[in-house]
Amino acid sequence: MKADAVRGHLDGLLLAVLEEGPLHGYAIITAVQRRSGGALDLRTGTIYPALNRLERQGLLASDWESTGERRRRSYRLTDSGRAGLAERRADWRAFTSAIGAVLDPAPGSAT
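Reading the values: rules and limits
- Residues numbered from 1 in each chain as written.
- Predicted model: local features only at pLDDT ≥ 70, side-chain atom pairs only at ≥ 80, totals over all residues.
- Heavy atoms only, no water.
- Helix = DSSP H or I, 4+ residues; strand = E, 2+ residues; numbered from the N terminus.
- Rg over C-alpha atoms; globule rule 2.2 N^0.38 Å.
- Buried < 20%, exposed > 50% of the residue type's maximum accessible area, 1.4 Å probe, protein only.
- Contact = heavy atoms within 4.5 Å.
- Lys, Arg positive; Asp, Glu negative; His and termini not counted.
- Charge placed at Lys NZ, Arg CZ, Asp CG, Glu CD.
- Pairing = 2+ DSSP bridges.
- Polar contact = N/O pair within 3.5 Å; in protein donor to acceptor, adjacent residues only side chain to side chain.

(A) A look at the overall build of the protein. Each helix and strand counted, the protein has four helices and three strands in total. A globule of 111 residues ought to have a C-alpha radius of gyration of about 13 Å, yet the protein, at 17 Å, is considerably larger. Expressed as lengths along the three principal axes of its C-alpha atoms, the size of the protein is roughly 65 × 30 × 20 Å. In the protein, which comprises 111 residues, the proportion classed as buried is 31%. Sequence-distant contacts in the protein: of pairs separated by 6 or more residues, those separated by 24 or more amount to 47%. The protein carries 16 positive and 13 negative side-chain charges, and their two centres are separated by 3 Å.

(B) How the structure looks around the sheet that holds strand S1 (residues 23–24). Overall, antiparallel pairing links the three strands, which are arranged S1-S3-S2 in an open sheet. Strands with a single pairing partner mark the edges of an open sheet, and in this sheet they are S1 and strand S2 (60–67). When S1 meets strand S3 (residues 70–77), the two strands line up antiparallel, connected through two bridges. Each bridged residue has a counterpart across the sheet, and for Leu23 the counterpart in S3 is Tyr75.

(C) Layout of the environment of Leu60. In this structure, Leu60 sits in strand S2. Separated by 16 residues in the primary sequence, Leu60 and Arg76 place their C-alpha atoms 5.5 Å from one another. With residues near it in sequence (within four places) discarded, Leu60 still touches Leu15, Leu18, Leu51, Leu54, Glu55, Tyr75, Arg76, Leu77 and Thr78.

(D) Spotlight on the side chain of Ser62. Locating Ser62 in the fold gives a position in strand S2. Side-chain polar atoms of Ser62 contact the side chain of Glu55, separated by 2.6 Å. Those residues within four positions of Ser62 in sequence are excluded, and the remaining contacts are Glu55, Arg73, Ser74, Tyr75 and Arg76.

Given below as structure tokens:
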């Protein structure tokens, strides 16, 4: 899938995979890959700036956790993040409906 296809939808993708519970960066990348059937392969250089921005906006919160000698940051949705996800889902449904009506019009619809 073209990288441009994700542009404008990255925040919604990140919020959606975090809806299931807190995850660290690599686990977020893996969750997006898994949920997209491998079609979306996000890079760390793409998601970390987005995660930091979403945290500054109050949509995510994070905590440092230790696993053995490694420390990693775990991200989770805030209440504002849940509301933001609902808004992005509604926007996505409206967008895909409009695009679908153009690319795949119903039989007998006006052209």
